[in-house]
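Read off the chains here:
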Amino acid sequence: MKQINRIIVALILILSNINFAQELDGYKYVVVDSKDFRTKNDTYGTSENLAQFFKSKGYEIIIGRDNLIYPTDLNLNICKGLFVNYAIFDSTIIIYFYNCKKELIKTFSHSSNQNLKDNLKSFFEEINKLENHSYNENLTPTFHDPIIVQKDSENEIELKAYYDSNKIDLIEGIYKSYKSDEYYKLGIRKVDDSYKAIVLESNKPIWKIGEIKAEFESTAVEGVFSIKFYNQNKILIETFANLEGALITVEYKNPEGEDTNMKFLKLYPKK
(Lines give C-alpha, C1' and ligand atoms only; values in the text may rest on other atoms or scores of the structure.)
Protein backbone atom coordinates (compact mmCIF):
# COMPACT_ATOMS: atom_id res chain seq x y z
CA MET A 1 0.00 0.00 0.00
CA LYS A 2 2.87 2.39 0.75
CA GLN A 3 4.27 1.80 -2.71
CA ILE A 4 0.88 2.56 -4.28
CA ASN A 5 0.61 5.74 -2.22
CA ARG A 6 4.03 6.88 -3.37
CA ILE A 7 3.03 6.36 -7.00
CA ILE A 8 -0.23 8.28 -6.53
CA VAL A 9 1.50 11.23 -4.90
CA ALA A 10 4.14 11.19 -7.62
CA LEU A 11 1.35 11.43 -10.21
CA ILE A 12 -0.14 14.42 -8.40
CA LEU A 13 3.18 16.24 -8.37
CA ILE A 14 3.96 15.45 -11.98
CA LEU A 15 0.56 16.39 -13.37
CA SER A 16 0.36 19.59 -11.37
CA ASN A 17 3.33 20.89 -13.37
CA ILE A 18 1.50 20.62 -16.70
CA ASN A 19 -0.02 23.82 -18.09
CA PHE A 20 -3.16 22.29 -19.62
CA ALA A 21 -4.73 25.61 -20.51
CA GLN A 22 -2.08 26.51 -23.08
CA GLU A 23 0.45 23.96 -24.26
CA LEU A 24 -1.89 21.02 -24.82
CA ASP A 25 -5.10 22.71 -25.98
CA GLY A 26 -4.49 21.62 -29.57
CA TYR A 27 -5.16 18.00 -28.62
CA LYS A 28 -8.74 16.70 -28.47
CA TYR A 29 -7.88 13.15 -27.45
CA VAL A 30 -5.45 11.57 -25.01
CA VAL A 31 -4.41 8.02 -25.85
CA VAL A 32 -2.99 6.40 -22.72
CA ASP A 33 -0.93 3.22 -22.88
CA SER A 34 -2.66 0.38 -21.05
CA LYS A 35 0.62 -0.86 -19.54
CA ASP A 36 3.89 0.36 -18.09
CA PHE A 37 6.07 0.21 -21.21
CA ARG A 38 9.01 -1.10 -19.15
CA THR A 39 7.35 -3.91 -17.18
CA LYS A 40 4.45 -4.55 -19.60
CA ASN A 41 1.92 -4.55 -16.73
CA ASP A 42 -0.24 -2.08 -14.83
CA THR A 43 0.25 -3.23 -11.26
CA TYR A 44 -0.80 0.04 -9.65
CA GLY A 45 -3.70 0.96 -11.92
CA THR A 46 -1.68 3.87 -13.27
CA SER A 47 -3.23 3.76 -16.75
CA GLU A 48 -6.73 4.16 -15.36
CA ASN A 49 -5.59 6.91 -12.98
CA LEU A 50 -4.00 8.83 -15.84
CA ALA A 51 -7.07 8.33 -18.01
CA GLN A 52 -9.39 9.58 -15.27
CA PHE A 53 -7.19 12.61 -14.73
CA PHE A 54 -7.22 13.66 -18.39
CA LYS A 55 -10.96 12.96 -18.62
CA SER A 56 -11.58 15.24 -15.63
CA LYS A 57 -9.71 18.00 -17.46
CA GLY A 58 -11.95 17.79 -20.53
CA TYR A 59 -10.10 15.45 -22.90
CA GLU A 60 -11.68 12.52 -24.69
CA ILE A 61 -9.90 9.37 -23.54
CA ILE A 62 -8.73 6.21 -25.25
CA ILE A 63 -6.86 3.56 -23.27
CA GLY A 64 -4.48 1.46 -25.32
CA ARG A 65 -2.20 2.86 -28.00
CA ASP A 66 -2.84 -0.27 -30.07
CA ASN A 67 -6.59 0.36 -29.93
CA LEU A 68 -7.91 -0.20 -33.45
CA ILE A 69 -11.25 1.49 -32.85
CA TYR A 70 -10.50 5.20 -32.90
CA PRO A 71 -13.20 7.86 -33.44
CA THR A 72 -13.63 8.87 -37.08
CA ASP A 73 -12.15 12.36 -36.69
CA LEU A 74 -9.06 10.96 -34.97
CA ASN A 75 -8.57 8.42 -37.74
CA LEU A 76 -8.84 11.20 -40.30
CA ASN A 77 -6.43 13.44 -38.38
CA ILE A 78 -4.25 11.45 -35.98
CA CYS A 79 -2.62 14.71 -34.88
CA LYS A 80 -5.66 15.44 -32.71
CA GLY A 81 -4.31 12.79 -30.35
CA LEU A 82 -1.77 13.25 -27.54
CA PHE A 83 -0.10 9.91 -26.84
CA VAL A 84 0.92 9.16 -23.25
CA ASN A 85 2.95 6.33 -21.80
CA TYR A 86 4.76 5.86 -18.52
CA ALA A 87 7.29 3.79 -16.60
CA ILE A 88 7.63 3.08 -12.88
CA PHE A 89 11.05 2.44 -11.36
CA ASP A 90 10.65 1.60 -7.65
CA SER A 91 9.54 4.96 -6.22
CA THR A 92 10.04 6.92 -9.46
CA ILE A 93 7.38 7.48 -12.11
CA ILE A 94 8.09 9.00 -15.52
CA ILE A 95 5.34 10.13 -17.89
CA TYR A 96 6.09 10.61 -21.59
CA PHE A 97 4.04 12.71 -24.04
CA TYR A 98 4.26 12.11 -27.81
CA ASN A 99 2.69 13.81 -30.82
CA CYS A 100 1.26 12.13 -33.91
CA LYS A 101 4.72 11.73 -35.47
CA LYS A 102 5.89 9.80 -32.40
CA GLU A 103 8.10 12.72 -31.40
CA LEU A 104 8.67 13.10 -27.67
CA ILE A 105 7.33 16.55 -26.74
CA LYS A 106 7.34 16.36 -22.93
CA THR A 107 8.68 14.22 -20.10
CA PHE A 108 7.71 14.53 -16.45
CA SER A 109 9.27 12.54 -13.62
CA HIS A 110 9.20 12.46 -9.83
CA SER A 111 10.95 10.42 -7.15
CA SER A 112 10.13 10.05 -3.46
CA ASN A 113 11.40 7.73 -0.74
CA GLN A 114 9.02 9.04 1.93
CA ASN A 115 6.28 6.96 3.49
CA LEU A 116 3.21 8.92 2.31
CA LYS A 117 -0.39 8.33 3.48
CA ASP A 118 -2.30 9.88 0.62
CA ASN A 119 -4.81 7.60 -1.10
CA LEU A 120 -6.72 7.54 -4.38
CA LYS A 121 -9.39 9.88 -3.06
CA SER A 122 -6.92 12.60 -2.24
CA PHE A 123 -5.29 12.06 -5.62
CA PHE A 124 -8.51 12.96 -7.46
CA GLU A 125 -9.22 15.83 -5.09
CA GLU A 126 -5.80 17.29 -5.84
CA ILE A 127 -5.83 16.98 -9.62
CA ASN A 128 -9.30 18.48 -9.84
CA LYS A 129 -7.79 21.74 -8.66
CA LEU A 130 -5.84 22.10 -11.88
CA GLU A 131 -7.04 24.19 -14.81
CA ASN A 132 -9.40 22.52 -17.27
CA HIS A 133 -8.46 21.77 -20.85
CA SER A 134 -10.18 23.72 -23.64
CA TYR A 135 -9.77 22.15 -27.07
CA ASN A 136 -8.78 24.57 -29.83
CA GLU A 137 -8.62 23.01 -33.29
CA ASN A 138 -6.49 25.91 -34.54
CA LEU A 139 -3.71 24.74 -32.21
CA THR A 140 -3.74 21.12 -33.44
CA PRO A 141 -0.31 20.20 -34.83
CA THR A 142 -0.16 19.73 -38.58
CA PHE A 143 2.37 17.27 -39.91
CA HIS A 144 2.23 16.06 -43.45
CA ASP A 145 4.75 13.60 -44.77
CA PRO A 146 5.62 14.43 -48.35
CA ILE A 147 3.26 11.97 -50.06
CA ILE A 148 4.07 11.98 -53.73
CA VAL A 149 1.27 11.56 -56.25
CA GLN A 150 1.43 11.94 -60.00
CA LYS A 151 1.00 15.38 -61.52
CA ASP A 152 -0.35 16.70 -64.79
CA SER A 153 0.28 20.11 -66.31
CA GLU A 154 -3.09 20.53 -68.04
CA ASN A 155 -5.38 23.23 -66.68
CA GLU A 156 -9.15 23.61 -67.01
CA ILE A 157 -8.96 25.70 -70.20
CA GLU A 158 -6.72 23.15 -71.91
CA LEU A 159 -8.94 20.27 -70.80
CA LYS A 160 -12.07 21.95 -72.17
CA ALA A 161 -10.29 22.53 -75.48
CA TYR A 162 -9.42 18.82 -75.55
CA TYR A 163 -13.03 17.80 -74.84
CA ASP A 164 -14.36 20.14 -77.52
CA SER A 165 -11.99 18.98 -80.26
CA ASN A 166 -11.92 15.23 -79.69
CA LYS A 167 -14.32 12.32 -79.60
CA ILE A 168 -14.31 11.57 -75.88
CA ASP A 169 -15.60 8.74 -73.71
CA LEU A 170 -18.59 9.23 -71.41
CA ILE A 171 -16.50 9.43 -68.25
CA GLU A 172 -14.28 12.22 -69.55
CA GLY A 173 -15.08 15.77 -68.48
CA ILE A 174 -15.03 18.32 -65.64
CA TYR A 175 -16.59 17.15 -62.36
CA LYS A 176 -17.30 18.70 -58.97
CA SER A 177 -17.69 16.86 -55.64
CA TYR A 178 -21.36 16.50 -54.72
CA LYS A 179 -22.88 16.80 -51.22
CA SER A 180 -19.56 16.49 -49.41
CA ASP A 181 -17.52 18.55 -46.92
CA GLU A 182 -14.53 17.83 -49.16
CA TYR A 183 -14.51 20.07 -52.22
CA TYR A 184 -12.79 19.07 -55.44
CA LYS A 185 -13.13 20.11 -59.05
CA LEU A 186 -11.60 17.38 -61.19
CA GLY A 187 -10.79 17.06 -64.85
CA ILE A 188 -10.96 13.48 -66.12
CA ARG A 189 -9.32 12.56 -69.39
CA LYS A 190 -8.10 9.38 -71.02
CA VAL A 191 -4.37 8.64 -70.85
CA ASP A 192 -3.35 5.42 -72.62
CA ASP A 193 -5.70 2.72 -71.29
CA SER A 194 -6.91 4.50 -68.15
CA TYR A 195 -8.63 7.74 -67.12
CA LYS A 196 -6.89 10.17 -64.78
CA ALA A 197 -8.68 12.64 -62.52
CA ILE A 198 -6.68 15.87 -62.28
CA VAL A 199 -7.26 18.26 -59.36
CA LEU A 200 -8.35 21.67 -60.68
CA GLU A 201 -9.59 23.10 -57.36
CA SER A 202 -9.84 21.86 -53.77
CA ASN A 203 -10.54 23.12 -50.25
CA LYS A 204 -7.94 20.70 -48.86
CA PRO A 205 -4.47 22.33 -48.56
CA ILE A 206 -2.76 18.96 -48.92
CA TRP A 207 -4.10 18.74 -52.48
CA LYS A 208 -2.41 20.90 -55.11
CA ILE A 209 -3.65 21.86 -58.57
CA GLY A 210 -2.47 19.35 -61.16
CA GLU A 211 -2.15 16.38 -58.81
CA ILE A 212 -3.83 13.11 -59.80
CA LYS A 213 -6.54 12.21 -57.29
CA ALA A 214 -7.76 9.04 -58.97
CA GLU A 215 -7.12 6.68 -61.86
CA PHE A 216 -9.99 4.74 -63.42
CA GLU A 217 -9.80 1.53 -65.43
CA SER A 218 -12.71 0.06 -67.38
CA THR A 219 -14.13 -3.32 -66.39
CA ALA A 220 -16.23 -5.86 -68.30
CA VAL A 221 -19.34 -4.24 -66.78
CA GLU A 222 -20.47 -1.08 -68.55
CA GLY A 223 -20.34 1.96 -66.28
CA VAL A 224 -18.27 0.20 -63.58
CA PHE A 225 -14.62 1.12 -63.12
CA SER A 226 -11.78 -0.24 -61.05
CA ILE A 227 -10.23 2.77 -59.37
CA LYS A 228 -7.12 3.80 -57.45
CA PHE A 229 -8.45 6.65 -55.32
CA TYR A 230 -6.53 8.89 -52.90
CA ASN A 231 -8.60 10.15 -49.96
CA GLN A 232 -8.33 13.63 -48.42
CA ASN A 233 -5.10 12.63 -46.62
CA LYS A 234 -3.61 11.08 -49.76
CA ILE A 235 -4.06 7.54 -48.49
CA LEU A 236 -4.48 5.18 -51.44
CA ILE A 237 -7.73 3.21 -51.62
CA GLU A 238 -8.28 0.59 -54.31
CA THR A 239 -12.00 0.25 -54.92
CA PHE A 240 -14.72 0.58 -57.56
CA ALA A 241 -16.68 3.47 -59.06
CA ASN A 242 -19.99 3.64 -60.90
CA LEU A 243 -20.87 6.07 -63.69
CA GLU A 244 -24.61 6.70 -63.99
CA GLY A 245 -25.53 9.49 -66.36
CA ALA A 246 -23.52 12.51 -65.18
CA LEU A 247 -22.75 11.17 -61.70
CA ILE A 248 -19.68 9.20 -60.57
CA THR A 249 -19.98 7.35 -57.26
CA VAL A 250 -16.79 6.09 -55.60
CA GLU A 251 -17.44 3.38 -53.01
CA TYR A 252 -15.06 2.75 -50.11
CA LYS A 253 -14.90 2.03 -46.38
CA ASN A 254 -14.37 4.79 -43.83
CA PRO A 255 -11.82 4.42 -40.97
CA GLU A 256 -14.46 2.64 -38.87
CA GLY A 257 -14.92 0.00 -41.55
CA GLU A 258 -18.36 1.26 -42.61
CA ASP A 259 -19.42 1.45 -46.26
CA THR A 260 -19.52 5.00 -47.58
CA ASN A 261 -19.13 6.81 -50.88
CA MET A 262 -18.12 10.04 -52.53
CA LYS A 263 -19.95 11.49 -55.51
CA PHE A 264 -18.81 13.72 -58.38
CA LEU A 265 -21.25 15.53 -60.66
CA LYS A 266 -20.31 16.28 -64.27
CA LEU A 267 -20.25 19.97 -65.20
CA TYR A 268 -18.68 19.88 -68.68
CA PRO A 269 -19.23 19.07 -71.49
CA LYS A 270 -23.01 19.21 -71.28
CA LYS A 271 -23.79 16.47 -73.74
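Cut-off values and rules
- Residues numbered from 1 in each chain as written.
- Predicted model: local features only at pLDDT ≥ 70, side-chain atom pairs only at ≥ 80, totals over all residues.
- Heavy atoms only, no water.
- Helix = DSSP H or I, 4+ residues; strand = E, 2+ residues; numbered from the N terminus.
- Contact = heavy atoms within 4.5 Å.
- Areas by Shrake-Rupley, 256 points an atom, 1.4 Å probe, with all protein chains shown as cover.
- Disulfide = S-S within 2.5 Å.
- Buried < 20%, exposed > 50% of the residue type's maximum accessible area, 1.4 Å probe, protein only.
- Core = buried A, V, L, I, M, F, W, Y, C linked by side-chain atoms within 4.5 Å.
- Salt bridge = Lys/Arg side-chain N within 4 Å of Asp/Glu carboxyl O.
- Pairing = 2+ DSSP bridges.
- Axes fitted to C-alpha atoms, helices over the stretch in contact; angles between N-to-C directions.
- Lys, Arg positive; Asp, Glu negative; His and termini not counted.
- Polar contact = N/O pair within 3.5 Å; in protein donor to acceptor, adjacent residues only side chain to side chain.

Chemist: Go over the overall build of the protein, please, and point to the residues and values.
Modeler: Counting its regular elements, the protein contains five helices and 13 strands. Look at the contacts in the protein between residues 6 or more apart in sequence, and 53% of them connect residues 24 or more apart. On the protein, roughly 15,000 Å² of surface is accessible, and the fraction owed to carbon and sulfur atoms is 48%.

Chemist: Tell me about the state of the cysteines, residues and numbers included.
Modeler: Tallying each qualifying case throughout the model produces one disulfide. Note that Cys79 is cross-linked by a disulfide to Cys100, the S-S spacing being 2.0 Å. Linking Cys79 and Cys100, the disulfide has an S-S dihedral of approximately 60° and is accordingly described as right-handed. Residue Cys79 is located in the loop between helix H3 (72–76) and strand S3 (81–89), and its partner Cys100 is located in the loop between strand S4 (92–98) and strand S5 (104–111); the two are separated by 21 residues in the primary sequence. Taking the relative accessible area as the measure of exposure, Cys79 reaches 4% and is therefore buried.

Chemist: Give a description of the nonpolar core that names residues and reports values.
Modeler: The nonpolar side chains of a soluble globular protein tend to be buried, and buried together. Judged by nonpolar contacts, the single largest core of 24 residues is most densely connected at Ile171, Ile188, Phe216, Phe229, Ile248, Val250 and Phe264. Elements that contribute at least two residues to this core include exactly strand S7 (184–191), strand S8 (194–202), strand S9 (212–218), strand S10 (224–230), strand S11 (236–244), strand S12 (247–253) and strand S13 (259–268). When neighbours within four sequence positions are excluded, Ile171 is seen to be in contact with Ile188, Tyr195, Phe216, Phe225, Leu243 and Ile248. Among the nonpolar cores identified, the runner-up in size contains 15 residues, and Val32, Phe53, Phe54 and Tyr86 belong to it.

Chemist: Could you give me a rundown of the pattern of salt bridges, with the residues and numbers involved?
Modeler: If you walk through the whole model with that rule in mind, you get nine salt bridges. The shortest N-O distance in the salt bridge between Lys80 and Asp73 comes to 3.6 Å. On the accessibility criterion, Lys80 (10% relative accessible area) is buried. Linked by salt bridges that have partners in common, Lys28, Glu60, Asp73 and Lys80 make up one network.

Chemist: Hey, could you go over the sheet that holds S7 for me, with residue numbers and the actual values?
Modeler: The pairing of strands in a sheet comes from backbone hydrogen bonds and takes either a parallel or an antiparallel form. As summarised here, the arrangement of the eight strands in space is S6-S7-S8-S9-S10-S11-S12-S13, forming a closed barrel in which the pairing is antiparallel. In this sheet, adjacent strand axes meet at a mean angle of 30° when their direction is disregarded. In terms of strand pairing, S10 meets S11 through seven bridges, oriented antiparallel. In the strand pairing of S11, Phe229 is matched with Ile237. On the sheet, helix H5 (residues 156–165) packs against strand S6 (173–178), S7, S8 and S13 and is oriented at approximately 45° with respect to S7.

Chemist: Can you tell me about the side chain of Lys213, naming the residues and giving the values?
Modeler: Along the chain, the position of Lys213 falls in strand S9. No salt bridge is formed by the buried Lys213, whose closest oppositely charged neighbour, Glu182, lies at an N-O distance of 4.6 Å. At 2.6 Å, the side chain of Lys213 forms a polar contact with the backbone oxygen of Tyr230. Beyond its immediate stretch of four places on either side in the chain, Lys213 contacts Tyr184, Leu186, Ala197, Val199, Trp207, Lys228, Phe229, Tyr230, Asn231 and Gln232.

Chemist: Kindly report on the pairing of S7, identifying the contributing residues and their values.
Modeler: Across the eight residues of S7, six count as buried, placing the element largely inside the fold. Here S6 runs beside S7; their pairing, made up of four bridges, is antiparallel. Following the sheet pairing, Tyr175 is matched in S7 by Leu186. Pairing geometry for S7 and S8, over eight bridges, is antiparallel. Bridge pairing in S8 places Val191 opposite Ser194. In sequence, S7 turns back onto S8 through a hairpin of two residues, with Asp192 there showing a positive phi of about 60°.

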